[in-house]
Amino acid sequence: MRATKKETAESSTGKATSVIDYIVQRLADEGITDCFGVPGDYAFPVCDAVDRNPNIRWVGCSNELNASYAADGYARVRGAAMLSTTYAVGELSAINGVMGAKAERSLVYHVVGMPSYQHQRLHKIMHHSFGDGIFGNFVNISAQAACCHAVIDPDNCMIEMERVILEARRNNQPAYIVVPGDYALAPVTPTEVSPVTLKSDEASLKKAVAAIAERVRGAKSIVAFPAFTVARLRLQKEARQAIEALGCPFATTTMEKCIIDESHPQFAGLYAGALSAEKTRKIVEDAELVLDLGGISLNDETTAGFSGRLDPMRFVSIGLNDVRIGEQVFGNVRLPDVLAALAKLKSPAPPYRRTPEQAQTVNGKPSDKITMDPLYPRYAAFIRPGDTVVLETGSSSLGLPPMTLPDDVQVHIQMLWGSIGWATGAAFGIALADPNRRTILITGEGSHQLTANEIGNLGRYGANPIILVLNNDGYMIERALEPNPDWSYNDLAKWRYADLPRALGCADWVTARVETLGELDAAMKAARESRSGAYIEVIGGRMDMPKALAFAHTRIKELYGDAAV
């Protein structure tokens, strides 16, 4: 951040900067180069400001929900994203995606244009309202999807922008910024703003590190869990250095797949409760000390229906802003500072080095019909270093994670919020956030039908994803999570998926519909060689599901309670 922000209240022409131009440029200063959104008349000042700002590009989406998913994906890669929607109808359409970003610690600045302050004061009856002359009805709703919010006017603009940016960075969660149309076009009132840097309280940090060191010294066995928040804050290197200094094994849950390269000699495997490899489960559940680096989410999905045996009293949990050890809480302690301190510690426990495992085999004859057992090893073999893999909640997020993937692969899953359709929209944002990596989207048809119209924008903005859509005649995840899989509500319209790219403007994409393993192999080879996007419709069995999903079907009572069975 600059020493002060007073000078940015004026443009290079000498004219006072408008409120909305200031907001857009201030977000561009945060490293954001794309704004996802859908235009609307109350948001025209926002759209115009983005369009005329040379540092940020307008990226139009098919609807506001898709835009919020795209912004979430972009923020996961770039650290922060901007989302623009109009008052009420636009912001409320986006709210599910923004709430998912809040749940999974993805920093999205949601900027909303609202009716003018003049019309608000006169209680005008305006469109996109209840017709009651009240305009604050939706601010409280959208604010619940964020960790902080502000209604901006010319006098508070500079101060409030620094406040919401600081809070959003502190929590790595969305911020909601709403500005009336006439205020948006008014000149900013110049105000000196002191820079604020997020840092730990030195005394609290010293006590927290001492307490952690004491637990480390007294533990005969330690395991580390680098949390998904480490990736959100782009602290993978710092987490790896801390783990290497301690010499302990580390495990990941599905939410942290590939957060550190899986070839690392200290990687103990994927932990998923009873579905874990026996060796991994023993390392995790028998450890005297569990170092939670960032705040892992041990939810029903990551623990395979709460099937693990984890003692909370063995945990040292290092969050974004505090450290918790039993009943002790050390506040105002930042995760990067604690990781740096851990990298200086040594553990008395013997250093861990894993035993090399046998390479994964890809089975099946070319003429065989596609089933889940040979499908996911094929996907794993297809993925290369430098790929970014986006997995939809459901069979994809349960089928691929047990497979070992190459180094320098990024994996994105919305495992906690679990909003189906997220992955297609998120893949758009992820592809634009880092075009030097190949984005591979693996999704099921049920989820894909919610947001498939975003394919058109993937092509429009020059992305070259590889999209693999499993067509298994309905919502397989829903069929698996209830006693009777044959309810009619789990059926879907029978789309011709492989025809979608052409219909949506991506005529140069490679497309295929495959039913056998040989056809799949040939289509994936063509997809990899294509310089444009590629789209493969994979035909699977109606109730053929990955092992983890089949296991979930046996734990309906644990997942939903006695009334579910």
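Here we summarise the structure given alongside this text. Here the residue index of a chain counts from 1 through its sequence in written order. Totals for whole chains, interfaces and linings use every residue, but because this is a predicted model, local features are given only for residues with pLDDT of at least 70 and side-chain atom pairs only at 80 or more, for both listing and counting. Only hydrogens and water are removed before side-chain values are computed, so all heavy atoms of the structure are retained for them.

**Describing the pattern of salt bridges**
Here a salt bridge means any side-chain nitrogen of Lys or Arg lying within 4 Å of a carboxyl oxygen belonging to Asp or Glu. For the structure shown, the criterion picks out 29 salt bridges. The salt bridge partner of Arg76 is Glu104, with a shortest N-O separation of 2.8 Å. One end of the pair, Arg76, is in helix α3 (residues 64-78); the other, Glu104, is in the loop between α4 (89-103) and β4 (108-114), with 28 residues separating them in the sequence. For each residue, the accessible area found with a 1.4 Å probe, counting protein chains only, is set against the maximum for its type, and the residue is called buried under 20%, exposed over 50%, and partly exposed in between. Accessibility expressed as a relative area gives 4% for Arg76, which makes it buried. The closest approach of N and O atoms between Lys257 and Glu262, which form a salt bridge, is 2.8 Å. Here Glu262 falls in the buried class, since its relative accessible area comes to 2%. Here the residues in one salt-bridge network are Asp473, Arg479, Asp486, Asp491, Lys494 and Arg542, joined through shared partners. Here a helix means four or more residues in a row that DSSP labels H or I, a strand means two or more in a row labelled E, and each is numbered from the N terminus.

**A few points about the packing of aromatic side chains**
For Phe, Tyr and Trp, rings pair up if their centres lie within 6.5 Å, where Trp contributes its six-membered ring, and each pair is then called stacked (planes under 30 degrees apart), edge-to-face (over 60) or tilted (otherwise). For the structure on display, the rule yields 13 aromatic pairs. When the centroid spacing of 5.6 Å and the interplanar angle of 85° are considered together, the rings of Tyr376 and Tyr379 count as edge-to-face. Taken together, the residues Tyr376 and Tyr379, both in helix α14 (residues 372-382) and three residues apart, mark about one turn of the helix. Accessibility classification places Tyr376 together with Tyr379 in one group, the buried group. Pairwise contacts between aromatic rings join Tyr42, Tyr87, Phe130, Phe135 and Phe138 into one cluster. Taking the ring centre of Phe382 as reference, the NZ or CZ of Arg528 above it sits at 4.6 Å. By definition, being over a ring means that NZ of Lys or CZ of Arg is both within 6 Å of the ring centre and within 35 degrees of the ring normal.

**Concerning the layout of surface pockets**
Put plainly, a pocket is an open set of points on a 1 Å grid over the protein atoms alone with protein on both sides within 12 Å along at least five of seven lines, a cavity is a set where a 1.4 Å probe fits but cannot get out, and a lining residue has an atom within 4 Å of a point. Grid points are joined across faces, edges and corners, and a volume is the space filled by probe spheres set on the points. Estimated volume of the largest pocket: approximately 1,100 Å³. Residue lining of the largest pocket: 45 residues in total, with Leu270, Leu275, Pro401, Pro402 and Met403 positioned closest to the centre. Broken down by element, the residue count for the lining of the largest pocket peaks at five residues, all from helix α22 (residues 547-553). Polar here means any residue outside two lists: the nonpolar Ala, Val, Leu, Ile, Met, Phe, Trp, Tyr, Cys and Pro, and the charged Asp, Glu, Lys and Arg; Gly therefore counts as polar. Tallied by class, residues from the lining of the largest pocket come to 25 nonpolar, ten polar and ten charged. Lining the second largest pocket are 22 residues; nearest its centre among them are Ala231, Gln236, Cys258, Ile259 and Gln410. Mapped by element, the contributors of at least two residues to the lining of the second largest pocket are α3, α10 (228-232), α11 (236-246) and β15 (410-413). By residue number, the principal contributor to the lining of the second largest pocket is β15, which donates four residues. Among the residues forming the lining of the second largest pocket, the class breakdown is ten nonpolar, three polar and nine charged.

**Side note on the pairing of strand β11 (residues 315-318)**
Alternating positions in β11 separate into two faces, Phe315 and Ser317 on one and Val316 and Ile318 on the other, with burial throughout. Of the pairings in the sheet, the one linking strand β10 (residues 289-293) to β11 comprises four bridges and is parallel in character. Within the sheet, the bridge partner assigned to Leu291 lies in β11 and is Val316. The rule for pairing is simple: two strands pair if DSSP sees at least two bridges between them. Pairing of β11 with strand β12 (residues 322-325), which is carried by three bridges, proceeds in the antiparallel orientation. From the neighbouring strand, Ile318 faces β12, where its bridge partner is Val323.

**Focus on the sheet that holds strand β2 (residues 57-60)**
The parallel open sheet is built from six strands, whose spatial order is β2-β1-β3-β4-β6-β5. Two strands bound the open sheet, and with one partner strand each, they are β2 and β5 (148-151). Each strand axis lies, on average, 25° off the axis of its neighbour in the sheet, ignoring direction. As judged from the three bridges shared by strand β1 (residues 34-37) and strand β3 (residues 81-86), these two strands associate in the parallel manner. Opposite Gly37, over in β3, you have Ser84 as the bridge partner. The strands that α3 touches are β1, β3 and β4; relative to β3, the one it contacts most, it runs at about 165°. A fitted line through C-alpha atoms serves as each axis, taken over the contacting stretch for helices, and the angle formed by two N-to-C directions is quoted from 0 to 180°. The contact criterion used throughout is that any non-hydrogen atoms of two residues lie within 4.5 Å.

**Focus on the packing of α3 against helix α16 (residues 422-433)**
Put simply, α3 and α16 touch, their axes get as near as 6 Å, and they point 45° apart. Taken together, the axes of α3 and α16 lie oblique to each other. Two packed elements cross with a definite hand, and for α3 against α16 that hand is right-handed. Two secondary-structure elements touch here, α3 through Asn66, Tyr69, Ala70, Asp72, Gly73, Tyr74, Arg76, Val77 and Arg78 and α16 through Trp422, Gly425, Ala426, Phe428, Gly429, Ile430 and Ala433. Looking at the contact of α3 with α16 residue by residue, the class counts come to nine nonpolar, four polar and three charged. Orientation categories follow fixed angle ranges, with anything under 35 degrees roughly parallel, anything over 145 roughly antiparallel, 65 to 115 roughly perpendicular, and all other angles oblique. Handedness of a crossing follows from how the near helix is turned relative to the far one, being left-handed for an anticlockwise turn of less than a right angle and right-handed for a clockwise one.

Purely geometric numbers; function is a separate question.
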